[in-house]
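Here is how the chains run, residue by residue.
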Amino acid sequence: MEIRAYDPETDFAGVARMWREIGWLDAGEEKQEQGLKVFAEQFDSLVAVIDGSPECFVSTGTGSVRYLTEDLPLSVLTAVTTSHVARRQGLAKTLAARSIARDAVAGAAVSALGMFDQGYYNKLGFGTGTYEYWHALDPASLRVSVAARPPKRLGPDDWEAIHESRIARRRGHGSCVLDAGAATEAELLWASNGFGLGYADGPDGELTHLLWFSAKGMEFGPLNAWFMTYQTTEQFLELMSLLVQLGDNVQLVRMREPADIQLQDLIHQPFRRRRMTEKSEYENRVRANAYWQMRMCDVARCVAATSVPGGPVRFNLVVTDPIEAALDDGAEWRGVGGDYIVTFGPESSAEPGVEDGLPTLRAGVGAFTRLWLGVRPASGLAATDDLTGPGELLADLDRVLRLPTPKPDWDF
Ligand SMILES: CC(C)(COP(=O)(O)OP(=O)(O)OC[C@H]1O[C@@H](n2cnc3c(N)ncnc32)[C@H](O)[C@@H]1OP(=O)(O)O)[C@@H](O)C(=O)NCCC(=O)NCCS
């Protein structure tokens, strides 16, 4: 078995076979294979080769995560797959750990991913993010006072302009961007019946706001609005008004609630509609799932980005990092486990070491990342995650670390 960088010449067919095997590609779908091609080439991809054939494939991409007002360098684990013939040998774990370590050495302060389930990536130090609310709503039930103008038709060939629009979108705490255009191009190629509607109001005709959909049934829906971009709330309202227009025929649209909007405000009689559509193909409802995870790769860099009005609260921090066990002894980066002296306040810092007389917080890197991001307060994490400390310190952290709800606003 050999672990090496993905080679498009020799590895594409094997990785495509693996992705068909696990149900990520449909047989005979050339458009989908093209998506994998750009994806595997543009992201940093590793393969584990057994008997000449790639049986495990892991890729990461660079980008940024906004923490309060600062953009931190991000590594996103964009794909982790092991074929049916190479499972349970620790391949995915090893390749993922090596990819994260490589990106941490290159400067990534945070690593992020979308998980297939909880538990697996916790063993690499990841902590679960906040719930994402996916609405399934009848577009005709939206009450929007803005009238939408006729939009521009968008398709997979417009991936470049769409990607730029995603990068330029309105961003808040926790919002992520992936640099490589493949992050958008592949997604557009993988969408069944994918289409977009948007507006090019930028000074040079840039796409300022848009919705990207896929659908099994085009006539009545459901339409899945996989992502949306906007730079102002007026633009968001225009997109919602566009949905109302589609609602003459389309019965259901599924969409993720934006970070700064309570979508239910726009829905007329939401509970009545939920009851009337219960158990139907077009059931109106909201589903909450926490499916993304993050972990710090550089504690000092992450903590330095924190600026909160309260405090300061100062403590010794003992971090444990399970990724260490998945990396070679001689690896340049072996996680972030160790002792730090941390200050949270208007100016924050984490320095290596221990200071006598300070209270001590002990945390797994995943739990500490959740605390730092604002997923949950210290006292809650102490109840359910790997985080312990004296009651007074937890209360101080609850009081001082009051952060906006983190939302990546980019599914990976
Ligand atoms: C998920 C996947 C990549 C794992 O590949 P793999 O090479 O078999 O994984 P590893 O050998 O590194 O790890 C397997 C171990 O994780 C454990 N595991 C799996 N799911 C887990 C979970 N939710 N929580 C905790 N442990 C879990 C397994 O029980 C196994 O434990 P063992 O080593 O004690 O036997 C593979 O199943 C796959 O390709 N699935 C389809 C695609 C997919 O979902 N990818 C993940 C996208 S986020």
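Report follows, based on the coordinates. (Residues numbered from 1 in each chain as written. Predicted model: local features only at pLDDT ≥ 70, side-chain atom pairs only at ≥ 80, totals over all residues.)

**Re the sheet that holds strand β8 (residues 152-154)**
Across a sheet, paired strands are connected by hydrogen bonds in the backbone, their directions being either parallel or antiparallel.
Part 1: Taken together, the 7 strands give an open sheet; going across it, the order is β8-β10-β11-β12-β13-β7-β14, and neighbouring strands pair in mixed fashion. Looking at strand neighbours, the two that pair on one side only are β8 and β14 (285-289), the edges of this open sheet. Geometrically, the sheet is characterised by an average inter-axis angle of 25° between neighbouring strands, direction not taken into account.
Part 2: Looking at chain direction, strand β7 (residues 132-137) and β14 are connected through 5 bridges and run antiparallel. Residue pairing for β14: E132 is matched across the bridge by N289. (Pairing = 2+ DSSP bridges. Helix = DSSP H or I, 4+ residues; strand = E, 2+ residues; numbered from the N terminus. Axes fitted to C-alpha atoms, helices over the stretch in contact; angles between N-to-C directions.)

**Some details on the packing of helix α4 (residues 159-167) against helix α5 (residues 182-190)**
Part 1: Two elements in contact, α4 and α5, have axes whose closest approach is 9 Å; the angle formed by their N-to-C orientations is 125°. The angle between α4 and α5 falls in the class oblique. Crossing handedness for the pair α4 and α5: right-handed. Residues W159, I162, H163 and R166 of α4 form the contact with α5, whose own contacting residues are T184, E185 and L188.
Part 2: Residues of the contact of α4 with α5, tallied by class, amount to 3 nonpolar, 2 polar and 2 charged. (Parallel < 35°, antiparallel > 145°, perpendicular 65-115°, else oblique. Left-handed = near helix turned anticlockwise from the far one by under 90°. Contact = placed C-beta atoms within 7 Å. Nonpolar A, V, L, I, M, F, W, Y, C, P; charged D, E, K, R; others polar.)

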